[in-house]
Amino acid sequence: MNDGIKQIQGIKRPYDSNPTTTNAGYQPVAKKKKGVPIVGTTLRELIHTSVKLEPATGDSRSRICPYLDTINRSVLDFDFEKLCSITLSNNNVYACLVCGKYFQGRGQKSCAYTHSVEGEHHVFINLHSLQFFCLPDNYEIIDSSLDDIKYVLNPTYSKEQIEQLDKNEKMVRAYDGTLYLPGIVGLNNIKANDYCNVVLQALINVGPLRDYFLQEDNYADIRVAPGDIMINLVKRFGELVRKLWNPRNFKAHVSPHEMLQAVVKCSKKRFQITKQGDPVEFLAWLLNSLHLTLNGTKNSNSSIIYKAFQGKMKVYTRKIPPIDMSEDEKRKLLSTEEYREYDEETPYLFLSVDLPPPPLFRDEHKESIIPQVPLFQTLTKFDGQTAQEHKTYKDNYLKRYEIRKLPPYLILCFRRFTKNTFYLEKNPTIVNFPIKNVDLRELLPEYHIEPSALVESPSTTYDLISNVVHDGEPGKGTYRVHSLHKGSGTWYELQDLHVVDVLPQMITLSESYLQIWERRDVNELFKKP
């Protein structure tokens, strides 16, 4: 296995901790035996076992509750983990619609009952069954005026609504009076999770991925092994996508608290909310984890992740003879089988792009030089002609990378950070790129010889839809993301809770770290019957 593209052949093998040093963010999944059914549970079964709808009481007060005017929608926040504020239990939790706090149960000895008596707060909602109750009288409330609260807690989308998302250009008004665009919504930075926020905000801009997770039925019947905690990652990611595209939010921002809790737990604390991490590492882990949990295989159509992001490349590898040998000895070695060039075709989820080294000295005016490089120059690494030397502890190799298939959504990672013996360095080189009409046909070398090379990639023109930027010192600093709102055609800059529109010309002047490009024919590829 070459060191340029590291792989994982099974779930139990350790994940590559530094994907930016590789040339493709691909990690194959574990092999599954044909004909052997997956025994386990589904997300739908987990929801139904935890949600117990209580039968209507038939109480005459259900439709004429006198306490509905005490509901305070401005304090309601359903983004946080559904835990009782007293017992910290997640079983049978209710939210007080007067103060917004969470309490367990509604029996006479429960926390919610005690709160209703002491605080004279009477209207509660069950956070799992979405039923409303009046305490301490303990009867169900049935009133259509509460449907907006139910929708904020669990937004749902029809196929017609999903089809209109990329066509909508009107801003909507939240309950607090703030105007916002669905999909262009700020995320809370709990402490140091901005590296997660930018990845999540970039991914929800990918149309097929967004459409898939907006409808829970698409993945509710996928079976997982009993006790598999990774199903929570899929569940929380779907909930976050639906909240970010909700046109009826009570506020113009969303807290990713539940999603980040699932990330910390599922990654075994590799990604923390209290310590800044690398968005490229997080993106690679998130995509592969979602693919595995959605029962994805090595087949390119086995999950929505591979359908959207997977491409193919061929890697040519040749061993280099030691430099202390004579020319005759080198010629003899090159003729042996060990030193002959061999090729290997492998899939990828993103491409790791090298940047030229920054200048060591300042110019004649004693000012630091900020180097610039065109995007196409950095992509020559994948033209199948440019060879790069890769050193190992024992041998050296020459490798060439040739793109065989371009994915519908191309992810580029610019290797800005290099770690030496002493500290982490950042490359400040600015990458010059157009935001539209980027034709990558030249990366398919066989096209010049045989037009059939375009069979796998019928369209080769891409438009930028997301651009992640790092500002500040390496290992510190902050992350922000530029996202394109397709309905209005406007670019927005999102940095945690701050959302502002930005000129397209300003995007190319930033220190881009991660980019997502959309191929022109994605609407035809993902056209729904």
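- The protein carries the name Ubiquitin carboxyl-terminal hydrolase 39 in an unreviewed UniProt entry, which gives Adineta steineri as its organism.
- UniProt, in the comment section headed Subcellular location (unreviewed entry), describes the protein in these words: "Nucleus".
- Regarding the protein, the relevant UniProt record gives this comment under Catalytic activity (unreviewed entry): "Thiol-dependent hydrolysis of ester, thioester, amide, peptide and isopeptide bonds formed by the C-terminal Gly of ubiquitin (a 76-residue protein attached to proteins as an intracellular targeting signal)."

**What about the pairing of strand β17 (residues 396-405)?**
Here comes step 1: With nine bridges joining them, strand β12 (residues 311-320) and β17 adopt antiparallel strand pairing. Bridged to Met313 within β17 is Ile403.
Here comes step 2: Of the strand pairs in this sheet, strand β16 (residues 383-391) and β17 are connected by six bridges, and their pairing is antiparallel. Within β17, the position partnered with Lys391 by the bridge is Asn396.
Here comes step 3: Here β16 folds back onto β17, and the loop between the two strands holds four residues.

**With respect to the nonpolar core**
Here comes step 1: Counting residues in each nonpolar core, the largest one holds 76 residues, and the members touching the most others are Leu203, Phe213, Leu286 and Phe309.
Here comes step 2: The element best represented in this core is helix α9 (residues 279-293), accounting for eight residues.
Here comes step 3: A domain split of this core shows at least three residues from each of domain 2 (155-294) and domain 3 (304-359 + 367-527).
Here comes step 4: Residues contacting Phe213, with those up to four places away along its chain left out, are Tyr219, Val234, Phe237, Gly238, Val241, Arg242, Leu294 and Ile304.
Here comes step 5: Counting residues in each nonpolar core, the second largest holds 30 residues, with Tyr348, Ile403, Leu406 and Tyr462 among its members.

**Section: the sheet that holds strand β3 (residues 102-104)**
Here comes step 1: Spatially, five strands are ordered β3-β2-β4-β5-β6 in an open sheet, and the strand pairing comes out antiparallel. Unpaired on one side and paired on the other, β3 and β6 (139-141) mark the two borders of the sheet. In this sheet, adjacent strand axes meet at a mean angle of 40° when their direction is disregarded.
Here comes step 2: Sheet topology places strand β2 (residues 93-96) next to β3; three bridges connect them, and they run antiparallel. Counted as the bridge partner of Tyr94 is Phe103 from β3.
Here comes step 3: On top of the sheet, helix α2 (residues 111-119) reaches β2, β3 and β4 (123-126); it is set at about 125° to β3, its chief contact.

Calculation rules
Residues numbered from 1 in each chain as written. Predicted model: local features only at pLDDT ≥ 70, side-chain atom pairs only at ≥ 80, totals over all residues. Heavy atoms only, no water. UniProt positions renumbered as here; feature names shortened; annotations may be inferred. Pairing = 2+ DSSP bridges. Helix = DSSP H or I, 4+ residues; strand = E, 2+ residues; numbered from the N terminus. Core = buried A, V, L, I, M, F, W, Y, C linked by side-chain atoms within 4.5 Å. Buried < 20%, exposed > 50% of the residue type's maximum accessible area, 1.4 Å probe, protein only. Domains from an automatic or database assignment. Contact = heavy atoms within 4.5 Å. Axes fitted to C-alpha atoms, helices over the stretch in contact; angles between N-to-C directions.

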